Amino acid sequence: MATMKSVQTGGIGKIETVDVERPVPGPKDVLLKIRACGICGTDVTFLHMGGMPAMAHLGGDLVPVPLGHEPAGEIVEVGTEVADLKVGDRVVVNPQDAPTGLIGCGGKFGGMSEYLLIENAVVGKSLAVFPDTVPFDVAALNEPMAVARHAVNRSQAAPADKVVVFGAGPIGLGAAIWLKLRGVGHVVVADVIPSRLDTALAVGADAVINSAEEDVTARLTELHGQAANALGQPRAGTDIYIDAAGAPAVFQAAVDSAKWGAKLVMVAVQKKGADIDLGGMLRSELTLIASQGYPTEIFEVTPEIVEHHERFEKLISHRVPFAEADRAFELTLTPGAAEKVVVVFDE
């Protein structure tokens, strides 16, 4: 039996690299050799939990979760009934399309493995091919950039809109890139970490706000002009707020700043429940829009990542060899230690 190494949860706050059976593709499947895989906040959530409850409604014990849902790799085996794919193709993956469960999110397989089986492989549905002009580590951003793209699509931002993105992590920075590529005239990024704000400017944000040091409403008013809420009270001229931070203070900052008819797009998973200032929302007729995942965007983003890969590459703060996966996850678990960690595999 051929084996491979795969990373899974190994208890609360820990991973374990284990030897597992290397998958064998069936007639409709392909096998990938993974070349790069990003680490996401969802991976961190599984680590904090120490796994996933088995039959949670019955109080079952935690079971290990194969990690990694942001892989990019190279096809090394192709099933006899697979069309339009060949050995050597470089591909990114739709982790939600696996029939045995979400890749890296509780399904049978995880992308943080030496090899990954893509069941029922169909171009444009389960995977997409990208050219060798794009490094594997940048291609591994495809999945989180689809999340960011969906938030921007949900916002319906137009060129004349003035937008602020709260949170300069990968999703927030990705949203800033998509907004600028969409032609939005003025995009501000707010965060509390100066290095992340530097990255926001590097990827094309028009301005940044250090929300730990600056009055957000005053700064937005300076940047976007002054408007008013439904009662005529002065507010910033910002049209769209995107919450990619997930902190209660961000939600309140948007409500405090919002003019009449502004929109707030919530893409971050809220880390803690918060009291919502419904009165403030009412006074601005603020529209709250939730953005979850990527219903259609997973491969919508791929051609543009290919075209603008040098800009997206700036989102990666750390590249860590697969042999040092422990260090990669430790970086991600440490607040403020890294912006985007991608694990890279030997060629």
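Brief notes about the overall build of the protein
Scanning the protein from terminus to terminus reveals 11 helices and 19 strands. For the protein, whose C-alpha radius of gyration is 21 Å, the value lies close to the compact-globule estimate of 20 Å for 347 residues. For the protein, the spread of C-alpha atoms along the three principal axes comes to 70 × 45 × 30 Å. Here the protein holds 347 residues, and the buried ones make up 52% of them. A separation threshold of at least 6 residues defines the contact pool for the protein, and within that pool the share at least 24 residues apart is 66%. Only carbon and sulfur atoms are counted for the fraction: they give 53% of the accessible area of the protein, which is about 14900 Å². Here the protein contributes 28 positively and 44 negatively charged side chains, and the mean placements of these two sets differ by 3 Å.

Observations regarding the packing of aromatic side chains
Enumeration over the complete set of coordinates arrives at four aromatic pairs. With a centroid separation of 5.1 Å and 50 degrees between ring planes, the pair formed by Trp178 and Phe312 is classed as tilted. In this pair, Trp178 is assigned in helix H4 (residues 170-181) and Phe312 in helix H10 (residues 309-313), connecting sequence segments 134 residues apart. Residue class for Phe312 comes out buried when judged on its relative accessible area of 0%. Residue placement shows Arg22 over the ring face of Tyr115; its charged tip is 4.0 Å from the ring centre. Taking NZ or CZ as reference, Arg90 lies 3.9 Å from the ring centre of Phe136, over its face.

Some remarks on helix H6 (residues 216-224)
Those residues of H6 not exposed but buried are Val216, Arg219, Leu220 and His224. For H6, the angular spread of buried residues about the axis comes to 110 degrees, placing them on one side. The N-capping residue of H6, defined by a side-chain oxygen 3.1 Å from the backbone nitrogen of Thr217, is Asp215. Note on H6: the residue one or two positions beyond its end, Gly225, has a positive phi of about 85 degrees.

Considerations on helix H1 (residues 41-49)
Buried within H1 we find Asp43, Val44, Phe46 and Leu47. Mapping the buried residues of H1 onto a view down its axis gives an arc of 160 degrees, with all of them on the same face. As for H1, its buried residues are in contact with strand S1 (3-9), strand S2 (15-21), strand S3 (30-38), strand S4 (52-53) and helix H11 (325-333). Of the residues trailing H1, Gly50 is marked for its positive phi of about 80 degrees.

Details of the sheet that holds strand S17 (residues 287-290)
Taken together, six strands build an open sheet; the order of strands is S12-S11-S10-S15-S16-S17 and the sheet is parallel. Each end of this open sheet is capped by a strand with a single partner; those strands are strand S12 (207-210) and S17. Geometrically, the sheet is characterised by an average inter-axis angle of 20 degrees between neighbouring strands, direction not taken into account. Where strand S10 (residues 162-166) meets strand S11 (residues 186-191), five bridges bridge the pair, whose relative direction is parallel. Counterpart to Lys162 in the pairing with S11 is His186. The sheet strands contacting helix H3 (residues 142-155) are strand S15 (240-243), strand S16 (263-266) and S17, and the helix crosses S16 at an angle near 155 degrees.

Cut-offs and rules
Residues numbered from 1 in each chain as written. Predicted model: local features only at pLDDT ≥ 70, side-chain atom pairs only at ≥ 80, totals over all residues. Heavy atoms only, no water. Helix = DSSP H or I, 4+ residues; strand = E, 2+ residues; numbered from the N terminus. Rg over C-alpha atoms; globule rule 2.2 N^0.38 Å. Buried < 20%, exposed > 50% of the residue type's maximum accessible area, 1.4 Å probe, protein only. Contact = heavy atoms within 4.5 Å. Areas by Shrake-Rupley, 256 points an atom, 1.4 Å probe, with all protein chains shown as cover. Lys, Arg positive; Asp, Glu negative; His and termini not counted. Charge placed at Lys NZ, Arg CZ, Asp CG, Glu CD. Phe/Tyr/Trp six-rings, centres within 6.5 Å; stacked < 30°, edge-to-face > 60°. Lys NZ or Arg CZ within 6 Å of the ring centre and 35° of its normal. Arc of directions from axis to C-beta. Polar contact = N/O pair within 3.5 Å; in protein donor to acceptor, adjacent residues only side chain to side chain. Pairing = 2+ DSSP bridges. Axes fitted to C-alpha atoms, helices over the stretch in contact; angles between N-to-C directions.

Any functional reading would require information that these geometric values do not contain.
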